[in-house]
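# Close look at the chain arrangement
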Amino acid sequence: DKRVGEAISKTIDRDAIVARIMGGVAVAAGELLPPVLFGANKDMKAPKPDLDGAKKLLAEAGYPNGFSLVLATPNDRYVNDAMIAQAVAQMLTRAGLKVSLDAMTQSQFFPRRNKRDFGIWLAGWGSDTGEMASPLKALIATPNRDKGMGPSNAGGYSNPKVDALLEQALATVDDGKRAALLAEASRTA
């Protein structure tokens, strides 16, 4: 239920994570890449926490008393990964969710994530190309082995409009047009 995902997002205080766990040496993300990279939306801001809004969405989705979930995370891959996941788990409990944290080495985490063993997890992505096509193609595109799309889309996200925008962008040579198509695909996702 889309409302559950939105509710989860509304519980996360990204600015608190940046300030308290990352020591101010990070930027709260509004989308998959920072706004300075090619194809990113310059105006995309990280959502602010809204606990009342999160609780309302959970109730509308049929979970007025929350539900239980396991948040999986590597504990040796990203800077402060397990601490960030622990903070997120605590934030989710404020909305009535019952969260267990499953932290493990990256050698255990990634094979299990790729097999879709987890419902929710912490992970990161670096864009080798420096543009939005990289995370969109790997993480967001509908998995399609023949087209090389979605190889790391362990969540199974699928949106035909995003796929069409991405494929159009990948076939566009004009930088301005390609950047606009990638930004639209990211906004849509």
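Let me begin by describing the structure that accompanies this report. Everything numeric in this text was worked out from a predicted model, so none of it was measured. (Residues numbered from 1 in each chain as written. Predicted model: local features only at pLDDT ≥ 70, side-chain atom pairs only at ≥ 80, totals over all residues. Heavy atoms only, no water.)

### Details of the overall build of the chain
For clarity, the threshold we go by: The numbering of helices and of strands both runs from the N terminus, where a helix is a DSSP run of H or I of at least 4 residues and a strand a run of E of at least 2. Only C-alpha atoms enter the radius of gyration; for comparison, a globular chain is expected to reach 2.2 Å times N to the power 0.38, where N is the number of residues. Three labels apply to residues, based on accessible area from a 1.4 Å probe with only protein chains included: buried if under 20% of the type maximum, exposed if over 50%, partly exposed otherwise in between. In this tally, Lys and Arg are treated as positive and Asp and Glu as negative; His is ignored, and so are the chain termini. Charged groups are reduced to one reference atom each: NZ for lysine, CZ for arginine, CG for aspartic acid, CD for glutamic acid.
A count of helices and strands for the chain gives eight helices and three strands. For the chain, the sequential pattern of α-helices and β-strands runs α-α-α-β-α-β-α-β-α-α-α. Taken against the 2.2 N^0.38 rule, which gives 16 Å for 189 residues, the C-alpha radius of gyration of the chain at 17 Å falls within 12% of a compact globule. If you line up the chain on its principal axes, its C-alpha atoms span 50 × 35 × 35 Å. By residue count, 38% of the 189 residues in the chain fall in the buried class. Put simply, the chain has 24 plus and 21 minus side-chain charges, and the middle of one group is 2 Å from the middle of the other.

### Some thoughts on the sheet that holds strand β3 (residues 120–121)
As a general point, the strands of a sheet are linked pairwise by backbone hydrogen bonds and lie either parallel or antiparallel. How we decide: Strands were regarded as paired on the criterion that DSSP finds at least two bridges between them.
In spatial order, the strands read β2-β1-β3; together these three strands make up an open sheet with parallel pairing. Each of the sheet's edge strands pairs with one partner strand only, and the pair in question is β2 (98–104) and β3. One ladder, built from two bridges, connects strand β1 (residues 68–74) with β3; its direction is parallel. Paired with leucine 71 across the strands is isoleucine 120, a residue of β3.

### Considering the packing of helix α6 (residues 133–140) against helix α7 (residues 160–170)
Test applied: Only the contacting stretch of a helix is used when fitting its axis, a line to C-alpha atoms as for every element, and angles between N-to-C directions run 0 to 180 degrees. Roughly parallel means an angle under 35 degrees; roughly antiparallel means over 145; roughly perpendicular covers 65 to 115; every other angle is labelled oblique. The hand of a helix crossing depends on one turn: near helix anticlockwise from the far one by less than a right angle means left-handed, and clockwise means right-handed. Contact criterion: two residues are considered in contact whenever any of their non-hydrogen atoms come within 4.5 Å of each other. Gly is placed with the polar residues, together with every amino acid not listed as nonpolar (Ala, Val, Leu, Ile, Met, Phe, Trp, Tyr, Cys and Pro) or charged (Asp, Glu, Lys and Arg).
One way to put it is that α6 packs onto α7 with a least axis distance of 11 Å and a crossing angle of 140°. Relative to α7, the element α6 lies oblique. The interaxial crossing formed by α6 with α7 has left-handed handedness. Residues Ala133, Leu136, Lys137 and Ile140 of α6 pack against Val162, Leu166 and Leu170 of α7. Residues of the contact of α6 with α7, tallied by class, amount to six nonpolar, no polar and one charged.

### With respect to the side chain of serine 186
You can see serine 186 is positioned in helix α8 (residues 175–188). Once residues within four sequence positions are removed from consideration, serine 186 is found in contact with Glu31, Asn41, Met132 and Leu136.

### A word on α7
Each α-helix turn comprises 3.6 residues. Residues three or four places apart therefore point the same way. What counts is decided by this rule: Think of the arc as the fan of directions from the helix axis to the C-beta atoms. In protein, a polar contact requires one atom able to donate a hydrogen and another able to accept it; more generally it is a pair of N or O atoms within 3.5 Å, and residues adjacent in sequence count only if both atoms are side-chain atoms.
For α7, the full list of buried residues reads Val162, Asp163, Leu165, Leu166 and Ala169. End-on, the buried residues of α7 take up no more than an arc of 165°, which puts them together on one face. The N-cap residue of α7 is asparagine 159: its side-chain oxygen and the backbone nitrogen of lysine 161 are 2.9 Å apart.

### Points about the pattern of salt bridges
Applied cut-off: By definition here, a salt bridge exists when the distance from a side-chain nitrogen of Lys or Arg to a carboxyl oxygen of Asp or Glu is within 4 Å.
All told, the structure shown has nine salt bridges when counted by the stated rule. For aspartate 1, the salt bridge identified is with arginine 3, shortest N-O distance 2.6 Å. The exposure class of aspartate 1 is exposed, given its relative accessible area of 54%. Taking the shortest distance from any N to any O, the salt bridge between arginine 112 and aspartate 102 comes out at 3.6 Å. Of this pair, arginine 112 sits in helix α5 (residues 106–114) while aspartate 102 sits in strand β2, placing them ten residues apart in sequence. In the salt-bridge network here, residues are joined through shared partners; they are Asp102, Arg112 and Asp117.

### Looking at the environment of leucine 97
Mapped onto the fold, leucine 97 is located in the loop between α4 (81–93) and β2. Linking leucine 97 and asparagine 65, residues 32 residues apart in sequence, is a C-alpha distance of 7.7 Å.

### A closer look at the nonpolar core
Note the following rule: Residues grouped as a nonpolar core are buried Ala, Val, Leu, Ile, Met, Phe, Trp, Tyr and Cys residues, joined through side-chain atoms within 4.5 Å.
Counting residues in hydrophobic clusters, the biggest one holds 25 residues, and the most contacted among them are Ile17, Ile84, Val88, Leu97 and Val99. Every element with two or more residues in this core is listed here: α1 (2–11), α2 (14–21), α3 (51–60), β1 and α4. Considering every element that reaches this core, the biggest residue donor is α4, with seven residues. Setting aside chain neighbours within four positions, we find valine 99 in contact with Leu69, Leu71, Ala89, Leu92 and Thr93. If you look at the next biggest cluster of nonpolar residues, it comprises 15 residues, including Leu33, Ala40, Met132 and Ala141.

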